[in-house]
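# Tertiary structure, described
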Amino acid sequence: MSEPGAIDCDVHPSVPDVSVLLPYLDTFWRDSVIDRGLSSLDSNSYPLKSPLTARPEWRGKNGLAAADAKQVADQVFGRWQSGTAILNCLYGVQLLFSEDMAAAFCRAINDWLAKEWLDRDPRLRASIVIPMQSPEYAVDEIERLANDKRFVQVLVLVMQEVPLGRRQFWPIYAACERHGLPLGIHAGSSYRNPVTSLGWPTWYIEDYAAQSQGFQSQMASLITEGVFAKHPGLKVVLMESGVTWLPGFLWRFSKFWRGLRTEVPWVDRAPWEIVRDHFRLTMQPFDAPDGREAVERAIEHLRSDEILLYASDYPHWQFDGDAVVPDGFSPALRKKIAVDNPLATYPRLKNGMAVSR
């Protein structure tokens, strides 16, 4: 079981059909969806029929899990006793090539989340889905929703068209910093580039396993491009990245930084220190070997007890039974990961239900 009252930092609501978004699209885009026969924007990052997408017992009659607020509440708040859950809607708006269409669908998704999820359960919070096709439109969407304190994060996918540290995205980070919104980077791809450094893979398992490569590359990009020198208040949450890749990657990254730091003088301290201060990782999938000793050693290698955030990743199949938190976490660390770390990461969670709309 999870820690009672935990803040679940990664829960995925399902968009059952594009028709549910029609009321939230303006007339032009609503007519376009109907005229084009557009039925879904679901991404191959999480194929609906893949076992990883949802455990069988969590699927409803339509084959979907997490299809409404009640279903999520029964599982996350009832079965696992969490007190708050952050919704991260993974719907394929990042795959669209039209900046205008992507912006329209992001607005629709966010308004749908507010109306059909947040309004129905006060324990729910959500991330703002933004159109990364256009940083200008992305900032507009952040500003549009900034006064609704139930939106606590900005959501992007890990595999973009270009690395996230590039300056074209800095206005997004300025908006995040200005409004106290962490940047949530979730596993998934816009499929503009191959999902591996060697080209396109054959099988879905290769795609899924390669996500950690994307997280490593984005972490390096954000640090070396100077994002945190420009925006020292920015927090970044890596979601569904795995955990145990981080110590080895940071050892290598920090080693080469020592010899090459003259080319990035704005990186004025070791990368592991920047990661400690600015990055957080959700704990599912927790990819340490089985056994209390192995788990304790993996946590020790992270160098900080503040870096992990509790997450079930519901309804994705990352654990069996109710083992949301694996063995090896002390009671004190369980509480820190479940409550203290999320509150320190998401300042808007401290505002309770103070919502200005």
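What you see is a predicted model; the values in this text were computed from it and never measured.

Definitions and cut-offs
- Residues numbered from 1 in each chain as written.
- Predicted model: local features only at pLDDT ≥ 70, side-chain atom pairs only at ≥ 80, totals over all residues.
- Heavy atoms only, no water.
- Helix = DSSP H or I, 4+ residues; strand = E, 2+ residues; numbered from the N terminus.
- Rg over C-alpha atoms; globule rule 2.2 N^0.38 Å.
- Buried < 20%, exposed > 50% of the residue type's maximum accessible area, 1.4 Å probe, protein only.
- Contact = heavy atoms within 4.5 Å.
- Areas by Shrake-Rupley, 256 points an atom, 1.4 Å probe, with all protein chains shown as cover.
- Lys, Arg positive; Asp, Glu negative; His and termini not counted.
- Charge placed at Lys NZ, Arg CZ, Asp CG, Glu CD.
- Patch = residues over 30% accessible without salt bridge, like charges linked within 9 Å, V, L, I, M, F, W, Y side chains within 5 Å.
- Salt bridge = Lys/Arg side-chain N within 4 Å of Asp/Glu carboxyl O.
- Disulfide = S-S within 2.5 Å.
- Core = buried A, V, L, I, M, F, W, Y, C linked by side-chain atoms within 4.5 Å.

## Some thoughts on the overall build of the protein chain
From N to C terminus, the protein chain includes twelve helices and eight strands. Taken against the 2.2 N^0.38 rule, which gives 21 Å for 357 residues, the C-alpha radius of gyration of the protein chain at 19 Å falls within 12% of a compact globule. Along the first, second and third principal axes, the C-alpha set of the protein chain runs to 55 × 45 × 45 Å. Looking at the protein chain as a whole, 55% of its 357 residues are labelled buried. Taking as baseline every contact in the protein chain between residues at least 6 positions apart, the subset at least 24 positions apart corresponds to 82%. Carbon and sulfur atoms make up 52% of the accessible area of the protein chain, which totals about 15,300 Å². Distance between charge centres in the protein chain, computed from 38 positive and 44 negative side chains, equals 4 Å.

## Looking at the environment of valine 295
Take valine 295: it is sitting in helix 11 (residues 292-301). Judged by its relative accessible area of 2%, valine 295 falls in the buried class.

## Brief notes about a negative patch on the surface
On the surface, Glu99, Asp100, Glu136 and Asp140 cluster together to form a negatively charged patch. Broken down by secondary-structure element, the contributors of at least two residues to the negative patch are helix 3 (99-118) and helix 4 (135-145). Considering the arrangement of structural elements, one finds glutamate 136 in helix 4. Residue glutamate 136 is classed as exposed on the basis of its relative accessible area of 60%.

## Focus: the state of the cysteines
Throughout the structure, instances matching the rule amount to zero disulfides. The thiol sulfur of cysteine 9 is not disulfide-bonded, and the nearest other cysteine sulfur, from cysteine 176, lies at 16 Å. As a non-bridged cysteine, cysteine 89 has cysteine 106 as the owner of its nearest cysteine sulfur, 9.7 Å distant. Given a relative accessible area of 2%, cysteine 89 falls into the buried group.

## Focus: the nonpolar core
The biggest cluster of nonpolar side chains holds 120 residues, and the ones touching the most others in it are Phe105, Ile172, Tyr173, Ile185, Met219 and Phe329. Excluding residues within four positions of it along the chain, methionine 219 makes contact with Leu238, Trp245, Leu246, Phe249, Leu250, Val275 and Phe279.

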